[in-house]
Protein chains: 2
Amino acid sequence: MEFWFSERHTDNVELSIRVEKQLFSGQSDFQRIDVFDSVEFGRFLTSDGNVIFSEKDEFTYDEMIVHVPMAVHPNVKKVLVIGGGDGGVARELSHYEEIEVIDVVEPDEMFVEVCKEYFPDNSKGLEDKRVNIYYQDGLRFLRTSHNEYDLIINDATDPFGHTEGLFTKEFYGSCYKALKDDGIMVYQHGSPFYDEDEGACKAMHKRVYNSFPISRVYQAHIPTCAAGYWLFGFASKKYHPLKDLDAKRWNKRGIKTWYYTTNLHRGAFMLPKYVEDLLAEEEK
Amino acid sequence: MEFWFSERHTDNVELSIRVEKQLFSGQSDFQRIDVFDSVEFGRFLTSDGNVIFSEKDEFTYDEMIVHVPMAVHPNVKKVLVIGGGDGGVARELSHYEEIEVIDVVEPDEMFVEVCKEYFPDNSKGLEDKRVNIYYQDGLRFLRTSHNEYDLIINDATDPFGHTEGLFTKEFYGSCYKALKDDGIMVYQHGSPFYDEDEGACKAMHKRVYNSFPISRVYQAHIPTCAAGYWLFGFASKKYHPLKDLDAKRWNKRGIKTWYYTTNLHRGAFMLPKYVEDLLAEEEK
């Protein structure tokens, strides 16, 4: 049987994944959620027709958004995860004994329930005793928070659609206020390759660059993302992502990874010329 | 009009590019060659239905396979390019004044002619006075060559099909013999992501690892390749790709690039854990 899921990465490029079976389809208050099973990527979840993660490549994303800041900040006690209802980020955070509180703010309860049923390897992260789930809007949650977190991870997927408010200037300002004096924020920075994504990528960098003293971008290769190429942002009040990387300490922890190493950490900040140029334009 | 070119990266994943117009279609003695025009990737060329390069992302490939060894080897006079009939590799080599001879060995004359007509930005590289084109089989050409080249670039595209002979143990042995005592060979290493590509990637590393004293793998992000992720091999008799990188000298040259920088050069050798593990298995 020819049974395919297709996603337009732009109007002119499409990635298609052969599907074995559709496992779930539902409409929450926020998005249409579908779960598929496939030979190539295992199970994968889509939101309004866009792949959010797959069993085969979610490790890359979750490891890169968690271990990069955790290998830099010397003493993370309290973490805020915005979005992250699948639990993959919480799962990676749960490796760190020094963390005392993991607040996960996810507006969409159905998303959490679907992940619990179909992606237990991710959602087990939410079972950690240190995790509190708040079914709320991330921006609203942030407004009441001051000088509280060591690390904020913005796991929201998309600068458009229902998470649009998590990519505004106000949002980054609120993150800044919610962080302690040596806090770090990491966030999804999108894919810079296609012309139509370039604008969003540049605008985001400008906002963060103007909000934080240290603002750097790092990369990973994620096949189900547009062009297979994804950027993350690292914004910080004090710690530098390379100068303050403590590779020895991180390696002593013995955390098992599939993508991240402290060596790759360094390489991830070494960007192609066209990406460097695109970001530099916003730093003038 | 819905007019799409599709390539199966595996039996279960397909990348599709919207086509404006088919510009050429022909059958040579070696392959079916097609040229398409598209909004997203500009013109692109396919061989037997597989994208070989596009105007939008060929820079990444050509820069990474040329500038990485050229920023390491201190004195390249004579270069052999196996395949490379499009001229992109020769174009990047032509920036280096110290090079005296660029031998391009391409079996398929039709391929060269098609590139001349449709990809003049690539094929202008073949007009450099130092370039000699030999319409021959690469392996046969190599057998007569001893202690002759400072750099061999294996630009052949695919370990299967008509270039299969360029990925055998005999081929790497012949390259070793054809290189001078401080020679470097670089080559395409394929994409390691999908299960069905993993075997070819591992087998290739084993052959080169056993043939050269220094053998390292580096990466680039190329959207039209399988999973958007491509590896290159760096095999060398003397120079180490990182310890012998002379960034200062290379940057003085003022070569305009779109992807390569000497900083990215370093990062390109910092591989994801799963790639490191896959290669390490062959080094036992």
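What counts as what
- Residues numbered from 1 in each chain as written.
- Chains lettered and ligands numbered in written order.
- Predicted model: local features only at pLDDT ≥ 70, side-chain atom pairs only at ≥ 80, totals over all residues.
- Heavy atoms only, no water.
- UniProt positions renumbered as here; feature names shortened; annotations may be inferred.
- Helix = DSSP H or I, 4+ residues; strand = E, 2+ residues; numbered from the N terminus.
- Buried < 20%, exposed > 50% of the residue type's maximum accessible area, 1.4 Å probe, protein only.
- Contact = heavy atoms within 4.5 Å.
- Pairing = 2+ DSSP bridges.
- Axes fitted to C-alpha atoms, helices over the stretch in contact; angles between N-to-C directions.
- Least-squares fit on C-alpha atoms with pLDDT ≥ 70 in both.
- Phe/Tyr/Trp six-rings, centres within 6.5 Å; stacked < 30°, edge-to-face > 60°.
- Lys NZ or Arg CZ within 6 Å of the ring centre and 35° of its normal.
- Salt bridge = Lys/Arg side-chain N within 4 Å of Asp/Glu carboxyl O.

An unreviewed UniProt entry lists chain A under the name Polyamine aminopropyltransferase, with Ruminococcus bromii given as the organism. As stated in UniProt under Sequence similarities (unreviewed entry), the record for chain A gives "Belongs to the spermidine/spermine synthase family."

Trainee: Looking at this model, I keep getting lost on the UniProt feature "binding site: spermidine" (unreviewed entry) in chain A. Mind explaining?
Mentor: Residues and elements named next belong to chain A. According to UniProt, the positions carrying the feature "binding site: spermidine" (unreviewed entry) are Asp86. Along the chain, the position of Asp86 falls in the loop between strand 6 (78-82) and helix 2 (88-93). For Asp86, a relative accessible area of 7% puts it in the buried group. Ignoring any residue separated from it by four or fewer positions in sequence, one finds Asp86 in contact with Phe53, Asp62, Phe111, Cys115, Asn122, Ser123 and Asp155.

Trainee: Help me understand the sheet that holds strand 8 (residues 131-134) of chain A in this model?
Mentor: Strand pairing in a sheet is mediated by backbone hydrogen bonds. Such pairs are either parallel or antiparallel. All names here are of chain A. What the seven strands build is an open sheet, ordered 8-7-6-9-10-12-11; its pairing is mixed. At either margin of the open sheet sits one strand with a lone partner, and together these are strand 8 and strand 11 (214-221). Geometrically, the sheet is characterised by an average inter-axis angle of 15° between neighbouring strands, direction not taken into account. Strands in contact with helix 6 (residues 169-178) are strand 6, strand 9 (149-154) and strand 10 (179-190); relative to strand 10, the strand with the most contacts, it is inclined by about 145°. Strands in contact with helix 7 (residues 195-211) are strand 10, strand 11 and strand 12 (229-236); relative to strand 10, the strand with the most contacts, it is inclined by about 175°.

Trainee: I tried to follow the relation of the copies chain A and chain B on my own but got confused; where do I start?
Mentor: For these two chain copies, the linking operation is a rotation about an axis paired with a shift along it. Between the two copies, chain A and chain B, the superposition gives an RMSD of 0.0 Å; the rotation angle is 180° and the shift along the axis is 0.0 Å. With respect to symmetry, the two chain copies, as superposed, fit the operation of a two-fold axis. For chain A, the minimum C-alpha distance to the rotation axis belongs to A:Gly267 and amounts to 1.9 Å.

Trainee: Looking at this model, I keep getting lost on the packing of aromatic side chains. Mind explaining?
Mentor: Each aromatic ring pair is summarised here by two numbers: the centre-to-centre distance and the angle between the ring planes. The tally for this structure, following the rule as stated, stands at 44 aromatic pairs over all chains. Positioned above the aromatic ring of A:Tyr149 is the side chain of A:Lys78, whose terminal nitrogen or guanidinium carbon lies 5.3 Å from the ring centre.

Trainee: I would appreciate a short explanation of the pattern of salt bridges in the present structure.
Mentor: Pairing between side chains becomes possible if they bear opposite charge and their charged atoms approach one another. Residue and element names in this part refer to chain B. For the structure on display, the rule yields 38 salt bridges over all chains. A salt bridge links Arg8 to Glu14; the nearest nitrogen and oxygen atoms lie 2.8 Å apart. Look at Arg8 and you get partly exposed, because its relative accessible area is 41%. The class for Glu14 is buried, based on a relative accessible area of 15%.

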